[in-house]
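Chain by chain, the residues run as shown.
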Amino acid sequence: MNSRPIVLVFLLLVLIITSQFEWKQQIGEAEASPEATRRRQQALVVREDAVKEKIILAQEKNIQQLTELIQSLQVQLLHCRGSNSTTAHSASSNQSSTNDTEAEGHEIIDD
């Protein structure tokens, strides 16, 4: 019975010693490899730059589409203005010819 607690204590000590050794080793690796950390940071910067570039390209594409849409709308507006001025011009010439006919009719009646 006495051997069982002794074995448990021994295993606990082994576990504590090995875990501390592993922690120290990991800390030492982290401190010993600033070059690896620099490489990771550079890789992150490269990825961030790639994402930023993709965003910029997408925004430029959207701007180009909006510019084309504006140009199309301007052409449509000019076409509508042209149609309105032609309609207004023909309406005013129809109205003036109607007024001329009515004036002639009044002159005939007055005679």
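Scroll up a little and you will see the structure.
What comes next is a walk through the structure. (Residues numbered from 1 in each chain as written. Predicted model: local features only at pLDDT ≥ 70, side-chain atom pairs only at ≥ 80, totals over all residues. Heavy atoms only, no water.)

1. Examining the overall build of the protein
To keep things clear, this is the line we draw: The secondary structure listing takes helices from DSSP runs of H or I that are at least 4 residues long and strands from runs of E that are at least 2 residues long, numbered from the N terminus. Only the protein chains shown count as covering a residue, and every accessible area follows the Shrake-Rupley method with a 1.4 Å probe.
When helices and strands are tallied, the protein shows two helices and zero strands. In the structure as shown, the protein presents an accessible area of about 10,400 Å², 62% of it carried by carbon and sulfur atoms.

2. A short note on the environment of Thr18
Rule in force here: Polar contact is defined as a pair of N or O atoms within 3.5 Å, subject to the rule that within protein one atom must be able to donate a hydrogen and the other to accept it, and that residues adjacent in sequence are counted only when both atoms are side-chain atoms.
If you trace the backbone, Thr18 turns up in helix H1 (residues 3-32). Looking at Thr18, its side chain comes within polar contact range of the main-chain oxygen of Leu15, at 3.0 Å.

3. Looking at a nonpolar patch on the surface
Here is the rule: Patches draw on residues past 30% relative accessible area with no salt bridge. Two like charges within 9 Å are joined, as are two nonpolar side chains (Val, Leu, Ile, Met, Phe, Trp, Tyr) within 5 Å. Should a side-chain nitrogen of Lys or Arg be within 4 Å of a carboxyl oxygen of Asp or Glu, the pair is scored as a salt bridge.
A contiguous nonpolar surface patch, about 480 Å² in accessible area, is contributed by Val7, Leu8, Phe10, Leu11 and Val14. Relative to the helices and strands, Phe10 resides in helix H1.

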